[in-house]
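Letter by letter, the chains look like this.
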Amino acid sequence: MGINTFMFRERPLGMNLRNYLIRDLNPEDAVARARDKAQFKRVLRENGIPAPLTLYEISDYSDIARLRTLPGEFVIKPNHGMGGNGILVVKREDDVFISPANERYTLEDVRGHLRKIVNGEFSDNIERDQALIEERIYPSPDLVFRYAAGLPDIRVFCFRSVPVMAMVRYSTEISRGRANLSQGAVGMGLDMMTGGITHIHAKKETEDYTPDFFGIPADFRVPRWEEIRTVASETARVSGLSVAGVDVVLNSAGQIMVLEVNGHPGIEIQNINERSLLEALQGVHYIL
Ligand SMILES: Nc1ncnc2c1ncn2[C@@H]1O[C@H](COP(=O)(O)OP(=O)(O)O)[C@@H](O)[C@H]1O
Ligand SMILES: [Mg+2]
């Protein structure tokens with residue numbers, strides 16, 4: 001069944017109501033604090049929630065000029081970026097930097113990319129941005145199956161700090177190692193109770209996806225699912241966002257980390273799960 005033709009048992013949450021809920025329930029200062037990735041990572045650290053280390057924060061051209069030593073591998077991202085835009089994941093080999101999709105960049109390309117970020121090219125609604133150089137995280141082997149590239153993440157949609165819907169966002173060469181659906185990552189809906197896969201969809205659907213297509217065993221469960229839900233809930237709580245999209249990863253050591261929290265989470269998660277957010281949010285009203 002196509003992603004846009006799925007008939008919900010309940011009406012899906014539409015963009016207008018989603019925007020209204022966010023305006024009404026997410027305080028402006030909490031939204032701003034979450035958008036500033038470097039700052040929010042400090043909030044996470046203060047609350048004992050692991051996040052990737054920031055190696056450098058680059059604010060202007062002179063910071064770029066001063067950058068002499070780069071680690072063997074790292075990730076560059078716009079501090080106020082979204083949707084995976086402007087994210088570069090690389091590993092150095094001799095004089096070149098290679099991405100998970102095997103693209104090659106020179107040091108001058110990397111500097112050029114940093115300049116674009118500080119010029120605000122990847123960041124909506126702001127004039128200039130900072131570039132973050134972050135430690136590169138490798139995924140837990142438990143989440144790496146066929147066609148995987150880069151770092152898959154788990155998006156947990158929280159309402160009033162209650163995890164209501166979740167999906168694995170499976171990064172591939174097509175998404176150039178990034179786990180954003182808008183970049184072409186594949187969404188795998190998750191059963192909130194068990195962490196098992198419910199439905200699989202991608203934005204530009206060409207395949208009828210099944211776990212088997214990716215070589216995922218039928219009895220697959222996201223490891224440490226209970227703890228992931230707890231960390232997502234805790235992250236939503238410390239963010240002060242009533243509507244929060246928490247991006248969780250399991251690193252190669254099996255440790256749970258939080259990449260970021262989104263104060264304007266997307267609603268495609270409903271299509272991935274074939275389940276209405278309206279229905280899920282009403283469940284929270286019932287609990288609280
Ligand atoms: N430190 C990292 N190491 C490896 N991959 C990363 C790292 N940070 C981000 N990524 C990849 O890029 C994607 C988007 O990163 P994120 O920080 O959530 O920014 P955005 O706001 O653009 O979604 C992640 O889902 C992941 O696939
Ligand atoms: Mg993200």
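About the cut-offs
Residues numbered from 1 in each chain as written. Chains lettered and ligands numbered in written order. Predicted model: local features only at pLDDT ≥ 70, side-chain atom pairs only at ≥ 80, totals over all residues. Heavy atoms only, no water. Axes fitted to C-alpha atoms, helices over the stretch in contact; angles between N-to-C directions. Helix = DSSP H or I, 4+ residues; strand = E, 2+ residues; numbered from the N terminus. Parallel < 35°, antiparallel > 145°, perpendicular 65-115°, else oblique. Contact = heavy atoms within 4.5 Å. Nonpolar A, V, L, I, M, F, W, Y, C, P; charged D, E, K, R; others polar. Donors = N, O, S within 2.8 Å, 3.2 Å for Na, K, Ca; no water. Buried < 20%, exposed > 50% of the residue type's maximum accessible area, 1.4 Å probe, protein only. pLDDT = per-residue confidence, 0-100. Domains from an automatic or database assignment. Buried area = accessible area lost by both parts, 1.4 Å probe. Salt bridge = Lys/Arg side-chain N within 4 Å of Asp/Glu carboxyl O. Polar contact = N/O pair within 3.5 Å; in protein donor to acceptor, adjacent residues only side chain to side chain. Core = buried A, V, L, I, M, F, W, Y, C linked by side-chain atoms within 4.5 Å. Near = heavy atom within 4 Å. 1 Å grid on protein atoms, 1.4 Å probe; cavity = no way out; pocket = protein on both sides within 12 Å on 5 of 7 lines; lining within 4 Å. Sits in = over half its atoms within 2 Å of the grid points.

Peer 1: I would appreciate a short explanation of the packing of helix α2 (residues 28–35) against helix α3 (residues 37–46) in the present structure.
Peer 2: Packed helices, taken two at a time, are described by the angle their axes make and the gap between the axes. Remark: α2 packs on α3, axes separated minimally by 5 Å, with the N-to-C direction vectors making an angle of 100°. The angle between α2 and α3 places the two elements in the roughly perpendicular class. Residues Arg33, Ala34 and Arg35 of α2 form the contact with α3, whose participating residues are Lys37, Gln39, Phe40 and Val43. Residues of the contact of α2 with α3, tallied by class, amount to 3 nonpolar, 1 polar and 3 charged.

Peer 1: I'm lost on the coordination of the magnesium ion (ligand 2) in this one. Help?
Peer 2: Six octahedral donors around a metal ideally sit at 90 or 180 degrees from one another, while four tetrahedral donors ideally sit at 109.5 degrees. At this site the magnesium ion (ligand 2) is bound by Asp247 (OD) and Glu260 (OE), with donor distances of 2.0 to 2.2 Å. Linking Asp247 in strand β11 (residues 243–250) with Glu260 in strand β12 (residues 256–262), this pair joins segments that are 13 residues apart in sequence. Relative accessible area serves as the criterion here: at 2%, Asp247 is assigned to the buried category. Taking the relative accessible area as the measure of exposure, Glu260 reaches 13% and is therefore buried.

Peer 1: Looking at this model, I keep getting lost on the confidence of the model for the protein chain. Mind explaining?
Peer 2: Low pLDDT means the predicted atomic positions in that stretch should not be read closely. For the protein chain, the mean per-residue pLDDT works out to 94, and 97% of the residues sit at or above 70. Counting interchain partners and residues more than four positions distant, the pLDDT-below-50 stretch residues 1–5 has 10 contacts.

Peer 1: Please explain the domain arrangement of the protein chain as it appears in this structure.
Peer 2: Many authors give the size of an interface as the accessible area that is lost as the parts come together. One can read the domain layout of the protein chain as domain 1 (15–51 + 138–287) and domain 2 (54–134). Measuring from the centre of the C-alpha atoms in domain 1 to the corresponding centre in domain 2 gives 24 Å. Note on domain 1 versus domain 2: buried area summed over both sides is about 1,600 Å², and carbon and sulfur give 39% of it. Summed over the three residues of domain 1 that lose the most area to domain 2, namely Arg35, Lys37 and Arg176, the buried surface amounts to 38% of that side. Applying the counting criterion to the domain 1 and domain 2 interface returns 3 salt bridges. Between Glu57 and Arg42 there is a salt bridge, and its shortest N-O distance comes to 3.1 Å. Along the contact surface separating domain 1 from domain 2 lie 16 residue pairs in polar contact (both at pLDDT 80 or more). With 4 residues, α3 is the largest single contributor of residues to the side of domain 1 that touches domain 2. A per-class count over the side of domain 1 that touches domain 2 returns 3 nonpolar, 5 polar and 8 charged.

Peer 1: What is the right way to read the nonpolar core from this model?
Peer 2: Among soluble globular proteins, nonpolar side chains are generally buried collectively. Within the largest apolar cluster, 40 residues are counted, with the highest numbers of intra-cluster contacts made by Ile154 and Ile228. It is helix α6 (residues 225–239) that provides the largest number of residues to this core, a total of 5 residues. Those residues in contact with Ile154 that lie beyond four places of it in its chain are Leu143, Met167, Val168, Leu190, Val222, Trp225, Ile228, Val246, Asp247 and Val248. By size, the runner-up hydrophobic cluster in this structure holds 18 residues, among which are Leu21, Ile22, Met165 and Val284.

Peer 1: Would you mind going over the site of ligand 1 with me for this structure?
Peer 2: The local shell around ligand 1 holds 21 residues, among which Lys37, Lys77, Gly84, Leu151 and Glu260 are the closest. Within the contact set of ligand 1, an oxygen atom lies 2.6 Å away from a backbone nitrogen or oxygen of Leu151. When atom positions are compared with the pocket grids, ligand 1 is found to occupy the largest cavity. Residue assignment for the shell around ligand 1 shows that the elements contributing at least two residues are β2 (73–78) and β12. Here the residues of the shell around ligand 1 are counted per class, giving 7 nonpolar, 5 polar and 9 charged.

Peer 1: Sorry if this is basic, but what is going on with the side chain of His80 here?
Peer 2: Checked against the element boundaries, His80 lands in the loop between β2 and β3 (88–93). Looking at His80, the relative accessible area reads 15%, which means it is buried.

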